[in-house]
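Topology and contacts: notes
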Amino acid sequence: MSLVAQGIAFRHGERMVLDGVNLRLDAGEVVALLGINGAGKSTLLRILLGLLTPVAGTVTLDDRPLAAWRRRAVARRMAYVPQGHAAPFPFTVNQVVALGRIPQAGLGRRLSADDAHAIARSLERLHIAPLANRVYTELSGGERQRVLLARALAQDASILLMDEPLTGLDFGHQLRMIELIRGLARDGYAVLHTTHRPDDAVQGSTRAVLLERGRVVADGVPREVIHGESMAAFYGVALDHVDIDQQRFFRYLPDRHPR
Amino acid sequence: MTSIRSPARGAGRTVALFSGAALVLVLAIGMALCVGRFPLSPAAVWHAFADTSTLAGTVVLDARLPRVLAAVLIGAALSTAGATFQAVFRNPLLSPDLLGVLSGAAFGAAAGIVLGVNPVVIQLLAFAMGLAAVGLGLFIAHAVGSPGVLGLVLGGVISSALFASALSLVKYMADPLSQLPTIVYWLLGSLAQVGWTDLQRFGVALLAGVALLCASGRILDALTLADDEARSLGIPVTQVRLITIVLATLVSAMTVSVAGMIGWIGLLVPHVARQLMGAGNARVLPMSALMGAIVLVAADTFARTVSAGEIPLGVVTELFGALAFLLVLRRLRRSGL
């Protein structure tokens, strides 16, 4: 199971949003995708999901071009976890997660016992089974993020593409979400997530990819890619890092000019 | 324990609510057949079905029954169409008129009245123009390259405005003594002229439309997702949305062509159904159909019995709708939605 993007280019009007992007995602990996605002992270995510068609390059899912897959077949292999979920109606957690069964069950028929098991399993896996009958809009940000992840797990997909799963979560929920993502990768899932937090990318990922103005400028082991020097150049602010007990911390140095 | 017991309790509650609503509908129909300018006891209504040759038989079977059945069908149709539009456009406070079906139908009927064609053709014109208005709205949305929810809403606004101005023009051209009052009365909405022939023309189609909408609950749940989310679940959003809109529009256009403009029901009833059944559309749609039927049978009975003359049904639903909306808004504010 693999997702491979080669030579991806995308244009928005005159502006090249992505230009020759190569990216690979395999089972057991957690890939953190970093980029400043407007670097093209979301566009890349949408192309990987098959929601946008690139002007050049190809995305292959299990060695077959994404365009050759049926959409429902893609949805059984690859799930999208959005940053938030606009919920104009008071759906319960169970109902939100049940939508994840659409790729398996289709829209036409009722959910089967298998579907109900898959939903219950996803809720258990993310420790939110007690919330099953609660209304989604009444949950906290951290709980909502778990519900959306549970919906993705209910799809039975093995590739998870997550759009800023840590944004908007309090510190405790961020740490728990990082641990959840790592646990999923240990179970064989392939996870790609976009993030604005270099320290989380170092701690929680097996690989880090830096996207700058539509190009991949670094792709490798997080500790080698994400350090004070690269981050100072990447974000244009003066900072360095310190390593304490295997953990990397970034320090903002307001008195120094960025290199 | 609660997680094991509560779904069963939920299912029991659902059955109880549906049974209760069905019972209320039967009682409302029974009452509507009894009351009127020629009051009948329940026993007399029962006998009227057995012996159709009596005066009571004529009153019940020829005058009241087709009208009550039309109220059932139209109430159910407006409510399910409203619930559908609310899901498709991800807004719990929308009416089926969002894309201009009422403006189009009103124009069609007014044009028919001015042209002096027979009532059947007026109905067909109203139906066709209702569809044309929505078609134009969809076309505008696609022509400007924005087939998403916002594009459709804007297309509907433009189309509604065009047909509203065309209606004004027709009213301006109409004979102020004969045609204009007819147009105004038509626009107020009424079931006074509905008979068996109308039911023959539209009854089966309306029933089929309501049944199809009721069966598409899970599709509607999926359409409440953002487009990217829905597509990532393998749903061909644009096509599914279009089919759903067309079906709900057909149903709404039929109601307008039979009964004119009957406001508020399509907006409010699904909302109350959602309060009772939760957000899942597989339950909201059938409950909306039942409640819409109850409300319209009750409103029509009120319209034809409250005074010696008859108040147009549209006026009754507008009046009670506005008051009910006040209550809904209070609840909405409290629930923070």
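Structural notes, computed from the coordinates. The structure displayed is predicted, hence computed values, not measured ones.

The subject of this paragraph is the overall build of chain A. Within chain A, the secondary structure is distributed over ten helices and twelve strands. Relative to the 2.2 N^0.38 estimate, which gives 18 Å for 259 residues, the radius of gyration of chain A is 19 Å and therefore close to what a compact globule would have. Seen along its three principal axes, the alpha-carbon backbone of chain A occupies a region of about 60 × 40 × 35 Å. Expressed as a percentage of the 259 residues in chain A, the buried residues total 46%. Long-range pairs, those at least 24 residues apart, make up 65% of the contacts in chain A between residues at least 6 apart in sequence.

Attention shifts here to helix H11 (residues 237-259) of chain B. For H11(B), spanning 23 residues, the distance from its first C-alpha to its last is 33 Å, which sits close to the expected 33 Å at 1.5 Å a residue. Count one or two residues on from H11(B) and you reach B:Gly260, which has phi positive near 75°.

On to the sheet that holds strand E6 (residues 78-81) of chain A. All names here are of chain A. Pairing is mixed in the open sheet, where six strands are placed in the order E6-E7-E8-E3-E9-E10. A single partner strand is all that each edge strand has here, and the edge strands are E6 and strand E10 (215-220). Strand-to-strand, the axes of this sheet are offset by a mean angle of 15°, without reference to chain direction. Bridge analysis of strand E3 (residues 30-34) against strand E9 (residues 207-212) gives four bridges, and the strand direction is parallel.

Glancing now at the sheet that holds strand E4 (residues 56-61) of chain A. Residues and elements named next belong to chain A. Spatial ordering of the open sheet is given by E2-E1-E4-E5, a layout of four strands whose pairing is antiparallel. The open sheet has two edge strands with one neighbour each: strand E2 (15-26) and strand E5 (64-65). Packing of helix H1 (residues 41-48) onto the sheet brings it into contact with strand E1 (2-12), E2 and E4, and relative to E1 it is tilted by some 125°.

So, how was this worked out
- Residues numbered from 1 in each chain as written.
- Chains lettered and ligands numbered in written order.
- Predicted model: local features only at pLDDT ≥ 70, side-chain atom pairs only at ≥ 80, totals over all residues.
- Helix = DSSP H or I, 4+ residues; strand = E, 2+ residues; numbered from the N terminus.
- Rg over C-alpha atoms; globule rule 2.2 N^0.38 Å.
- Buried ≥ 20, exposed ≤ 12 C-beta atoms within 10 Å, placed from the backbone.
- Contact = placed C-beta atoms within 7 Å.
- Expected span 1.5 Å × (residues − 1).
- Pairing = 2+ DSSP bridges.
- Axes fitted to C-alpha atoms, helices over the stretch in contact; angles between N-to-C directions.

So far we have only geometry, and geometry alone does not tell us how the molecule works.
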